[in-house]
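So you can see what is in the structure, the chains are spelled out below.
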Amino acid sequence: MIDVNNYERLSLSLGNVFADFSFYLIILLQTMLFTSLGRVYPVPVQYLGKLELLLILGLLFYSLLLTITLRKILFASLIFLLILVSTKYYGSTTPYTKLLILIVAVPSAIPSPKKILKIFGFAMLTTFVLTIGMSLIGVLPMSGVTSKVLFSSYQETEYFFGFTHPNIFGTFLTSLYLIFYFLNFNDNKFKVTLIGIIIFFIDIVINAGTAASGILLVLLLSLFLRRFNIMYKIAYVFPILLTVFSFWLAYNNSSALGRLINTKIASRPDIWNVYLLQFPINIFNREPNIQLDAYNPILGNGALDGGYIYILIYWGILAFIVYYLIFCSILKISFETHNIELYCIGLVIIIMAFPESHMVMFFENVFLIFIGFFQYSSTDRIRIFMNDKN
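Being a predicted model, the structure only gives us computed values, none of them experimental.

Undergrad: Mind showing me how you'd approach the overall build of the protein here?
TA: Along the backbone of the protein there are 16 helices and 2 strands. Within the protein, buried positions represent 54% of all 390 residues. Look at the contacts in the protein between residues 6 or more apart in sequence, and 72% of them connect residues 24 or more apart. Element-wise, carbon and sulfur atoms account for 68% of the exposed surface of the protein, whose accessible area totals about 18000 Å².

Set out below in structure tokens:
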């Protein structure tokens, strides 16, 4: 005779394994696709991309079979509407569309922030080790520069231990550190701080300036921010202020401040100016169609970077609103759970998104998925985070 309770426990256990392993493979595949693997082996990589999309859809389907509440139905319906719109305009393979799917799927299938972070961190660490290892044995390029733009001094690819740029290497390190910081700072502040200082100097040595700034910022915030007060909520307006500032710099790139920032963060104002002049922003944008078969005045100035401008040019105003809510959700959860570490991470993400696009990519920033916990009631959400914290 079948023991119903044992059968249910086994089914739940197998479901948990499926969800955990699927999420691990999704992040592993997507981060591997972001290395030089796609440049060196473009044909096999296409199949990896298709496998990743199947895993994302499989995880979504599984999450929809779990406990259903009215709040979850409303939350999922809203996100599905956004997914339909994004698929129509941007396709099903953009980082934004995949993020929307994972926002619904991951917190439902893996209702533990700590577990999500550990799985993500382990997947990214796997990619890190595999990529460096393959570069050391010659499967992937260890160094060298290339450019798709003729007659330009700009090199958008600068191979570094299998990665396509030292800044990507540094960003992966910083992302791993933010996860490590969130999970361990309360238990061992000295150890976490020491490791942060080491990673900061590694980022400096490899010339990953923005990644290094992220490490320094989270360490400084940890030093000065102790207890929450009402003034901390001013952070809700930071994404708006930084977006406005980005536009001001783009249209005033020849001003004294514009020239100064051009020298400090790799000509961002000049690049933003060129893109904004050629690709107007709409409610729904399509990915810019940049011709690469001759000298191009856009890429000749540098690849588009800077999260706020990137979102608006590539995906439009609606996507920007979604990302704004995502950033605010990280801050909101930190207030609800009195988690100063999460608040510090939220600030770092918001500030790093000003000069870099890395922080708006789900495979480089796991904290974007945390908005998915709003499919739970406020009471349940707080309980989930507080239980994880204990």
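There's more to say after this.
Undergrad: Explain helix 4 (residues 70–90) here, please?
TA: In an α-helix there are 3.6 residues to a turn, and that puts residues three or four apart on one side. Spanning 21 residues, helix 4 covers 29 Å between terminal C-alpha atoms, matching the ideal 30 Å at 1.5 Å per step. Close packing links the buried residues of helix 4 with helix 5 (95–109), helix 13 (307–314) and helix 14 (317–337). One or two positions beyond helix 4, positive phi appears at G91, with a value near 95°.

Undergrad: For this particular structure, what's the right way to read the pattern of salt bridges?
TA: A side chain of one charge can pair with a side chain of the opposite charge when the charged atoms of the two come close. The full count for this structure, using the stated rule, is 6 salt bridges. The salt bridge involving E52 is made with K98; its shortest N-O contact spans 2.7 Å. With a gap of 46 residues between them, E52 in helix 3 (residues 42–64) and K98 in helix 5 connect regions that are remote in the sequence. Note on E52: relative accessible area 0%, which makes it buried. Linking E356 and R268 is a salt bridge whose minimum nitrogen-to-oxygen distance equals 3.1 Å. Here R268 lies in helix 12 (residues 268–278) and E356 lies in the loop between helix 15 (340–352) and helix 16 (378–389), a separation of 88 residues in the sequence. Each of the two residues, E356 as well as R268, counts as buried. Within the structure, one salt-bridge network assembled from shared partners comprises R268, D305 and E356.

Undergrad: Honestly, the side chain of S112 in this entry has me stumped. Any pointers?
TA: Residue placement: S112 occurs in the loop between helix 5 and helix 6 (113–136). Given a relative accessible area of 14%, S112 falls into the buried group. Excluding residues that lie within four positions of it along the chain, S112 makes contacts with F373 and D388.

Undergrad: Would you mind showing me how to read the packing of helix 5 against helix 14 here?
TA: When two helices pack together, their arrangement is given by the angle between the helix axes and by the axis-to-axis distance. Relative to each other, helix 5 and helix 14 sit at 45°, their axes nearing to 12 Å. As judged from the angle between their axes, helix 5 and helix 14 are oblique. Once helix 5 is placed against helix 14, the crossing between them reads as left-handed. Where helix 5 abuts helix 14, its residues Y96, L99, L100 and I103 lie against A319, V322, Y323 and I326.

Undergrad: Is there a simple way to think about the side chain of S22 in this case?
TA: Within the element layout of this structure, S22 appears in helix 1 (residues 4–33). According to the relative accessible area criterion, S22 is buried, its value standing at 3%.

Undergrad: Looking at this model, I keep getting lost on the nonpolar core. Mind explaining?
TA: Across soluble globular proteins, you tend to see nonpolar side chains buried next to one another. F23, W315, Y323 and F367 are the most contacted members of the largest nonpolar core, which has 127 residues in total. Per element, the largest residue contribution to this core is 11 residues, and it comes from helix 7 (residues 166–184). Not counting chain neighbours up to four residues away, the residues in contact with Y323 comprise Y96, L99, I311, W315, V360 and L368.

Undergrad: So what exactly am I meant to see when it comes to the confidence of the model for the protein here?
TA: Averaged over the protein, the pLDDT score is 86; the fraction of residues at 70 or greater is 89%. Note on residues 149–155: pLDDT is under 50 here. Beyond four places in sequence and across chains, it has 18 contacts.

Undergrad: Whenever I open this one, the packing of aromatic side chains confuses me. Can you help?
TA: Here a ring pair, both rings aromatic, is described through the centre-centre distance and the interplanar angle of the planes. Tallying each qualifying case throughout the model produces 37 aromatic pairs. Ring geometry for F182 against F367: centres 5.9 Å apart, planes inclined by 65°, an arrangement best described as edge-to-face. Within this pair, whereas F182 is found in helix 7, its partner F367 is found in the loop between helix 15 and helix 16, the two being separated by 185 residues in sequence. A relative accessible area of 1% places F367 in the buried class.

Undergrad: Sorry if this is basic, but what is going on with a nonpolar patch on the surface here?
TA: On the surface, I68, L70, I73 and L74 cluster together into a nonpolar patch covering about 420 Å² of accessible area. Topologically, I68 is positioned in the loop between helix 3 and helix 4.

Undergrad: Just checking my understanding: could you explain unusual backbone geometry for this structure?
TA: With the exception of glycine, the majority of residues adopt a negative phi angle, and the majority of peptide bonds are in the trans configuration. We note that F161 has phi near 50°; this positive angle belongs to a residue other than glycine. Note that F161 resides in the loop between strand 2 (157–160) and helix 7. Judged by relative accessible area, F161 falls into the partly exposed class, the value being 29%. The residue H338 is not glycine, and still its phi comes out positive at about 55°. Considering the arrangement of structural elements, one finds H338 in the loop between helix 14 and helix 15. The exposure class assigned to H338 is exposed, which follows from its relative accessible area of 58%.

The rules behind these values
- Residues numbered from 1 in each chain as written.
- Predicted model: local features only at pLDDT ≥ 70, side-chain atom pairs only at ≥ 80, totals over all residues.
- Heavy atoms only, no water.
- Helix = DSSP H or I, 4+ residues; strand = E, 2+ residues; numbered from the N terminus.
- Buried < 20%, exposed > 50% of the residue type's maximum accessible area, 1.4 Å probe, protein only.
- Contact = heavy atoms within 4.5 Å.
- Areas by Shrake-Rupley, 256 points an atom, 1.4 Å probe, with all protein chains shown as cover.
- Expected span 1.5 Å × (residues − 1).
- Salt bridge = Lys/Arg side-chain N within 4 Å of Asp/Glu carboxyl O.
- Axes fitted to C-alpha atoms, helices over the stretch in contact; angles between N-to-C directions.
- Parallel < 35°, antiparallel > 145°, perpendicular 65-115°, else oblique.
- Left-handed = near helix turned anticlockwise from the far one by under 90°.
- Core = buried A, V, L, I, M, F, W, Y, C linked by side-chain atoms within 4.5 Å.
- pLDDT = per-residue confidence, 0-100.
- Phe/Tyr/Trp six-rings, centres within 6.5 Å; stacked < 30°, edge-to-face > 60°.
- Patch = residues over 30% accessible without salt bridge, like charges linked within 9 Å, V, L, I, M, F, W, Y side chains within 5 Å.

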